[in-house]
Amino acid sequence: MKKLRSLEDLGVAGQRVLVRVDFNVPVQNGRVISDTRVRQAVPTLMELVAKGAKVIIASHMGRPGGEIVPELSLEPVAQSLKSHMPETDISFVGDTIGQAAKTASYALLPGQILILENLRFLPGEESNDYDVIRGLAQLADLYVDDAFSCAHRAHASIEGIAKYLPSAAGRLMAREIDSLSRALENPARPLTAVIGGSKISTKLGILENLVTNVQNLVIGGAMANTFLLADGLGIGTSLCEPDMVGTVKRIKVKAEEQGCELILPSDAVTAPALEAGIDTRTVGIDEVPADQMILDLGPKSVARLTNVFADSKTVIWNGPLGAFEVPPFNDGTQAAARQVAALTACGELMSIAGGGDTVAALEAADSADDFSYVSMAGGAFLEWLEGRALPGVAVLLDG
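Numbering of residues starts from 1 in every chain and runs along the sequence as written. For this predicted model, a pLDDT threshold of at least 70 governs which residues receive local features, and a threshold of 80 or more governs which side-chain atom pairs are given and counted, while totals over whole chains, interfaces and linings are taken from all residues. Water and hydrogen atoms play no part in the side-chain values, which are based on all heavy atoms of the structure.

A. Quick look at the sheet that holds strand E15 (residues 293-297). When DSSP finds two or more bridges between two strands, those strands count as paired. Helix and strand assignments follow DSSP, with helices taken as H or I runs no shorter than four residues and strands as E runs no shorter than two, numbered in order from the N terminus. Strand order in the open sheet formed by three strands is E14-E13-E15, with antiparallel pairing between adjacent strands. Whereas interior strands pair on both sides, the edge strands pair on one side only; in this sheet they are strand E14 (281-284) and E15. Recorded for the sheet is a direction-independent mean angle of 45 degrees between the axes of neighbouring strands. One ladder, built from four bridges, connects strand E13 (residues 267-271) with E15; its direction is antiparallel. The convention used is that axes are lines fitted to C-alpha atoms, helices contributing only their stretch in contact, and that angles between N-to-C directions extend from 0 to 180 degrees.

Following this line, the structure appears as structure tokens:
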């Protein structure tokens with residue numbers, strides 16, 4: 001059994017510690033407008049500071065493509081972090097691996113924090129270039145990765161540097177891996193997965209992996225329309241992927257062989273267009289009008305999910321069940337989310353959710369705080385559900 005290296009495995013006192021975080025946050029007019037990722041990094045940073053480490057923070061923001069884009073500078077994020085760690089001496093340097101960064105890193109005192117400029121201003125960051133790895137290594141003695149959301153990328157600041165310096169996972173990274181491992185590798189069963197969103201083609205690997213691991217697989221959102229089409233049902237003008245029908249049939253056969261129950265909508269809320277406040281109809285799933293779109297689950301479908309969740313011990317959730325951004329087509333997702341949250345809050349269920357749209361949907365339903373764990377990771381969370389090895393995790397494992 002491989003062991004994830006943790007902060008306990010590093011003697012950080014008096015050492016320069018490079019910490020990879022994910023500070024890829026929205027900034028408007030020079031101010032951070034959503035600081036969730038900044039707040040999530042604080043526990044690891046506070047622990048390192050308390051232990052007398054000299055902390056150097058590295059992160060990316062946006063996709064500057066190896067060019068310096070002033071609007072993607074991390075300087076506003078440094079100001080945000082200062083508001084969450086007011087007692088800590090935090091400075092920013094507009095450099096990454098140049099002389100200014102080296103000088104600033106060597107000048108650090110125990111308990112101080114230095115924030116480097118956007119890593120993706122460096123042309124070699126995303127290609128895992130050796131010069132970038134060496135440049136980062138010259139800044140520090142130790143490396144801590146606290147950015148699970150980037151762990152699916154074999155970049156210089158994620159995989160390359162972890163092979164070059166003594167390395168370990170930060171508290172956020174370790175907690176994320178522990179939560180996902182318990183949900184997929186050794187879960188309390190029955191295990192139910194809720195997979196929604198618009199396209200099967202983007203989540204094919206997830207579906208094929210989950211049908212071999214879960215007892216119930218709930219398919220929602222526009223993805224469900226292609227499953228309904230494969231069953232020979234009319235879906236009106238609904239969004240779907242006709243070219244994926246053959247793939248869907250293969251997944252259905254595999255699910256039956258594995259004893260996985262595929263759960264599709266039994267009724268739906270339809271409308272002639274995706275518009276707020278538009279007239280809607282609730283119909284049986286075999287009665288969708290030819291001029292209507294399926295845009296949300298109907299009440300019978302929600303009632304069935306309520307029963308499925310009540311009989312489950314673990315729920316993994318990725319993707320909304322309807323067009324949740326446009327009321328009233330958020331009702332199905334919100335009702336299901338609140339049910340999972342309520343069961344989790346009373347200790348009946350372990351629940352793990354992840355992905356940008358998923359987090360937004362749960363927050364809109366005021367349910368996110370009651371889930372066992374909500375991951376801010378997008379691509380890394382999806383690749384974990386596919387059962388793929390993540391470069392940024394593999395490099396932190398012993399054994």
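B. Layout of empty space enclosed by the protein. Here a cavity denotes grid points, spaced 1 Å and computed from the protein atoms alone, that fit a 1.4 Å probe unable to get out, and a pocket denotes an open set having protein on both sides within 12 Å along at least 5 of 7 lines; residues with an atom within 4 Å of a point are the lining. Grid points are joined across faces, edges and corners, and a volume is the space filled by probe spheres set on the points. Inspection of every chain in the model, using the stated rule, returns two cavities of 30 Å³ or more. Here the largest cavity is characterised by a volume of approximately 140 Å³. Considering the residues around the largest cavity, the lining is formed by 17 residues, among which Asp22, Gln40, Asp146, Ser149 and Leu172 are closest to the centre. When contributions to the lining of the largest cavity are tallied by element, the ones reaching two or more residues are helix H1 (36-50), helix H6 (171-184) and strand E18 (373-375).

C. Region of interest: the nonpolar core. Side-chain atoms within 4.5 Å link the members of a nonpolar core, which is a set of buried Ala, Val, Leu, Ile, Met, Phe, Trp, Tyr and Cys residues. Residue exposure (1.4 Å probe, protein chains only): buried if accessible area is under 20% of the type maximum, exposed if over 50%, otherwise partly exposed. Membership of the largest hydrophobic core comes to 74 residues, with the highest contact counts inside it found for Leu18, Leu116, Phe148, Leu207, Leu217, Ile219 and Phe227. With six residues, the single largest contributor to this core is H6. Leaving out residues up to four positions away in the same chain, leucine 207 has contacts with Ile195, Ile200, Leu217, Ile219, Met223, Phe227 and Ile251. Val25, Val32, Ala53 and Val77 belong to the second-largest nonpolar core, a separate cluster that totals 30 residues. Residues are treated as being in contact if the distance between any of their heavy atoms lies within 4.5 Å.

D. Seen up close, unusual backbone geometry. With omega at 10 degrees, the peptide bond leading from arginine 189 into proline 190 counts as cis. By the secondary structure assignment, proline 190 is in the loop between H6 and strand E10 (191-195). The peptide bond linking proline 327 to proline 328 adopts the cis configuration, its omega dihedral lying at 10 degrees. A positive phi angle, close to 60 degrees, is found at asparagine 128, a residue other than glycine. Inspection of the secondary structure assignment puts asparagine 128 in the loop between strand E7 (113-115) and helix H4 (130-137). Although it is not a glycine, aspartate 366 sits at a positive phi angle of roughly 55 degrees. Looking at where aspartate 366 falls in the secondary structure, it is placed in the loop between helix H12 (356-364) and E18. Residue classification places aspartate 366 among the exposed residues on the basis of a relative accessible area of 68%.

E. Summary view of the side chain of serine 105. Position of serine 105 relative to the elements: it lies in helix H3 (residues 99-106). Its relative accessible area of 1% is what places serine 105 among the buried residues.

F. Up close: the sheet that holds strand E5 (residues 54-58). Taken together, six strands build an open sheet; the order of strands is E6-E7-E5-E2-E8-E9 and the sheet is parallel. The sheet terminates laterally at strand E6 (90-92) and strand E9 (167-169), the two strands that pair on one side only. Averaged over all pairs of adjacent strands, the angle between their axes in this sheet comes to 25 degrees, without regard to strand direction. Pairing geometry for strand E2 (residues 16-20) and strand E8 (residues 142-145), over four bridges, is parallel. Counterpart to leucine 18 in the pairing with E8 is tyrosine 143. Contacting E5, E6 and E7, helix H2 (residues 75-84) crosses the sheet at an angle of about 175 degrees to E6.

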